[in-house]
Amino acid sequence: MTASKKTIKRRIHGVMFKLPLMITCNEFEDFILAYLEDELSSRERAIFKMHLSVCRECREYLKAYEASMELTKATMTSEETALPESVPEDLVAAVLAARKG
Amino acid sequence: MRLLRRRLKFDTSSERFEAGFGADFEASLQRSVPVVNTSLPEKEEPQKGDELALLRAGDPAASSNFVRDHISWMLAVARRILRDAGHAEDAVQNAFASIFAGLKNFEGRAALKTWMHRIVVNEALAIFRKNRPQKDESIDELLPVFDDNGCRIEAPWASFETPESLLQKSQTTDRVAELIEKLPDSYRVVLVLRDIEEMATSEVAEALGLSETNVKVRLHRARAALKKLLEPLIRGQEL
Ligand SMILES: [Zn+2]
């Protein structure tokens, strides 16, 4: 898509998002955390979903946002990162010395 | 203008909302949501009574085994909170001191490892607070961009690598760890505590001396920024 077509599409969205029960992407952004924490009222949730249904950008953004969370969680708690290759003997010795002293 | 009106009608009709991509998209949301609220995966049965008794009595062999069993994961937790390896070691030493001191009062109601996890997190945060930068570094350049109408500017996602497929590549873990490091400290620590150490918003707020609202704002910005940083991986443009 060319730059000018993109601009036109966004301008159309700009008009559309002012309709009743519509929010802008910027407002949508502020709902994301509460949506994921399941803290939206049913009305807010409907408005959130309505925006998702008409906005390709936010749909893909949210999908990537959630994929990023999942990837972070999975990599950071996986066995290989959670456990260094070997027991740090220096530190074990320091801890045990402090215990005696 | 006619085109405009047609689009509006089409896009906002509830028919499209219900039937369009509802099912698929719903399913993808359902799949990924539990990431947020899963409970601590590493909960264990409390250690057996006799081991605890030996530890409390200061038995050298029991102490040595205990430290060697737990020090690696504790160091990993401290390192996620503190970038500095020396600070992380200090946090672990302090944590063991607190654990040995607290063992006599440990009633075994909570799993031992859960209790120890809280202690090492708290000790790491004590060091974090002491070394925290005075001024928050900016995260703005990693946050999503909107035009004057409030419309999101997001390049189309032509390809999308799922977390599952990325996890099959051996370099992914190191690369993700590297990219998390790029987040400003005050945001990174909130993300680590909430999304990796799985603490509640209220616990994080208390630990960092922030309001719950502030924790939520930081968490969302940190996630948004990390999404931006991980984008080349998720778009399949890297690795
Ligand atoms: Zn949008």
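About the criteria used
Counting restarts for each chain: residues are numbered from 1 in the order of the written sequence. Key to labels: chains lettered from A, ligands numbered from 1, both in the order written. Selection of residues for local features in this predicted model requires a pLDDT of at least 70, selection of side-chain atom pairs for listing and counting requires 80 or more, and totals for whole chains, interfaces and linings are taken over all residues. Side-chain measures here rest on the full set of heavy atoms in the structure, leaving out hydrogens and waters. Put simply, DSSP H or I for four residues or longer makes a helix, DSSP E for two residues or longer makes a strand, and each gets a number counted from the N terminus. For each residue, the accessible area found with a 1.4 Å probe, counting protein chains only, is set against the maximum for its type, and the residue is called buried under 20%, exposed over 50%, and partly exposed in between. Contacts are assigned to residue pairs that have any heavy atoms within 4.5 Å of one another. Within this scheme a cavity is a closed region of a 1 Å grid, computed over the protein atoms alone, that accommodates a 1.4 Å probe without allowing it to escape, whereas a pocket is open but has protein on both sides within 12 Å along at least five of seven lines; lining residues each have an atom within 4 Å of a point. Grid points are joined across faces, edges and corners, and a volume is the space filled by probe spheres set on the points. Put simply, Ala, Val, Leu, Ile, Met, Phe, Trp, Tyr, Cys and Pro go in the nonpolar bin, Asp, Glu, Lys and Arg in the charged bin, and everything else, Gly too, in the polar bin. A donor here means any N, O or S atom no more than 2.8 Å from the metal (3.2 Å for Na, K and Ca); water is not included, so a site may seem to lack partners. Site shape is set this way: if four donors have all angles between 85 and 135 degrees, tetrahedral; if opposite donors are over 155 degrees apart and all others between 65 and 115, square planar for four donors and octahedral for six; otherwise irregular. The term salt bridge refers to a side-chain nitrogen of Lys or Arg lying within 4 Å of a carboxyl oxygen of Asp or Glu. Throughout, the accessible surface (probe 1.4 Å) given up by two parts as they are put together, summed over both, is called the buried area. By the criterion applied in these results, polar contacts are pairs of N or O atoms within 3.5 Å in which, for protein atoms, one can donate a hydrogen and the other can accept it, and in which residues neighboring in sequence qualify only through two side-chain atoms. Here pLDDT means the predictor's own confidence in every residue, given as a number from 0 to 100. In this description, a disulfide is simply a cysteine sulfur pair whose atoms lie within 2.5 Å. In this analysis, axes come from line fits to C-alpha atoms, helices being fitted only over the stretch in contact, and the angle between any two N-to-C directions falls in the range 0 to 180 degrees. An angle counts as roughly parallel when it lies under 35 degrees, as roughly antiparallel when it exceeds 145, as roughly perpendicular when it falls between 65 and 115, and as oblique in every other case.

Enquirer: For this particular structure, what's the right way to read the side chain of T72 of chain A?
Expert: Here T72 of chain A shows up in helix 4 (residues 56-76). For T72 of chain A, a relative accessible area of 2% gives the class buried. In this structure T72 of chain A touches V176, I180, L191, I196, L226 and L230 of chain B, once residues within four positions along its chain are discounted.

Enquirer: It is not clear to me how the environment of R80 of chain B should be interpreted in this structure. Could you clarify?
Expert: Looking at the element boundaries, R80 of chain B is found in helix 5 (residues 60-81). Residue classification places R80 of chain B among the buried residues on the basis of a relative accessible area of 15%. With 29 residues separating them in the primary sequence, R80 of chain B and R109 of chain B have C-alpha atoms 27 Å apart. The residues contacting R80 of chain B, other than those within four sequence positions of it, are M76 of chain A together with R188, V192, I196 and E197 of chain B.

Enquirer: Explain the layout of surface pockets to me, please; I cannot follow it from the model alone.
Expert: Leftover empty space is mapped by rolling, across the atoms, a probe with the size of a water molecule. Taken as a whole, the second largest pocket spans an internal volume of roughly 330 Å³. In terms of lining residues, the second largest pocket is bounded by 15 residues, among which E29 and D30 of chain A together with V217, H220 and R221 of chain B are the most central. At the level of secondary structure, the elements contributing two or more residues to the lining of the second largest pocket comprise helix 2 (25-36) of chain A together with helix 12 (212-234) of chain B. By residue class, the composition of the lining of the second largest pocket is 7 nonpolar, 3 polar and 5 charged.

Enquirer: I keep staring at the coordination of the zinc ion and nothing clicks. Help me out?
Expert: Angles at a metal have ideal values that depend on geometry: 109.5 degrees with four tetrahedral donors, 90 or 180 degrees with six octahedral donors. Residues and elements named next belong to chain A. Protein ligation of the zinc ion involves C25 (SG), H51 (NE2), C55 (SG) and C58 (SG), the donor distances falling in the range 2.1 to 2.3 Å. Considering all 4 donor atoms around the zinc ion, the spread of angles at the metal, 101 to 114°, places the coordination shape in the tetrahedral class. Ordering the donors of the zinc ion by residue number gives the pattern C-x25-H-x3-C-x2-C. Residue C25 is found in helix 2, and its partner C55 is found in the loop between helix 3 (42-54) and helix 4; the two are separated by 30 residues along the sequence.

Enquirer: Explain the pattern of salt bridges here, please?
Expert: Where charged atoms from two side chains of opposite charge come close, those side chains can pair. A complete count under the given rule lists 19 salt bridges over all chains for this structure. Between R56 of chain A and E57 of chain A there is a salt bridge, and its shortest N-O distance comes to 3.1 Å. With a relative accessible area of 8%, E57 of chain A lands in the buried category. Two residues, R118 of chain B and E203 of chain B, come together in a salt bridge whose shortest N-O distance is 2.6 Å. Linking R118 of chain B in helix 7 (residues 112-131) with E203 of chain B in helix 11 (residues 201-208), this pair joins segments that are 85 residues apart in sequence. Relative accessible area serves as the criterion here: at 30%, R118 of chain B is assigned to the partly exposed category. A single salt-bridge network, built from bridges that share partners, covers E154, K227, E231 and R235 of chain B.

Enquirer: Mind showing me how you'd approach the interface of chain B and chain A here?
Expert: Note: interface size is frequently given as the accessible area lost on complex formation between the parts. Counting residues at the interface gives 72 residues for chain B, matched by 66 residues for chain A. Carbon and sulfur atoms make up 68% of the area that chain B and chain A hide from each other, which totals about 6,600 Å². Along the contact surface separating chain B from chain A lie 5 salt bridges. Linking E39 of chain A and K216 of chain B is a salt bridge whose minimum nitrogen-to-oxygen distance equals 3.1 Å. Summed over the shared surface of chain B and chain A, the number is 14 residue pairs in polar contact (both at pLDDT 80 or more). In terms of residues, the side of chain B that touches chain A owes the most to one element, helix 5 of chain B, which gives 11 residues. For the side of chain B that touches chain A, the class distribution of residues is 40 nonpolar, 14 polar and 18 charged.

Enquirer: Is there a simple way to think about the confidence of the model for chain B in this case?
Expert: Detailed reading of the predicted coordinates is not advisable wherever pLDDT falls low. Residues and elements named next belong to chain B. Looking at chain B, pLDDT values average 81 and 78% of them are 70 or higher. Predicted confidence in chain B is weakest over helix 2 (residues 14-19), with a mean pLDDT of 32, and strongest over helix 12, with 97. Across residues 1-47, where pLDDT falls below 50, the model places 61 contacts with residues more than four positions away in sequence or in other chains. With pTM at 0.78, the complex prediction returns an ipTM value of 0.84.

Enquirer: Would you take a moment to explain the state of the cysteines for this structure?
Expert: Note on terminology: disulfide describes a covalent bond linking the sulfur atoms of two cysteines. This model, assessed by the stated rule, comprises 0 disulfides over all chains. Of all cysteine sulfurs in the structure, the one in C25 of chain A sits closest to C151 of chain B, which takes part in no disulfide; the separation is 5.0 Å.

Enquirer: I tried to follow the packing of helix 7 of chain B against helix 11 of chain B on my own but got confused; where do I start?
Expert: For any two helices packed against each other, one specifies the crossing angle of their axes together with the interaxial distance. Residues and elements named next belong to chain B. Put simply, helix 7 and helix 11 touch, their axes get as near as 10 Å, and they point 40° apart. What the angle tells us is that helix 7 and helix 11 run oblique. Mapping the contact onto sequence places R118, L125, F128 and R129 in helix 7 and E203, A207 and L208 in helix 11. Across the contact of helix 7 with helix 11, the residue classes break down as 4 nonpolar, no polar and 3 charged.

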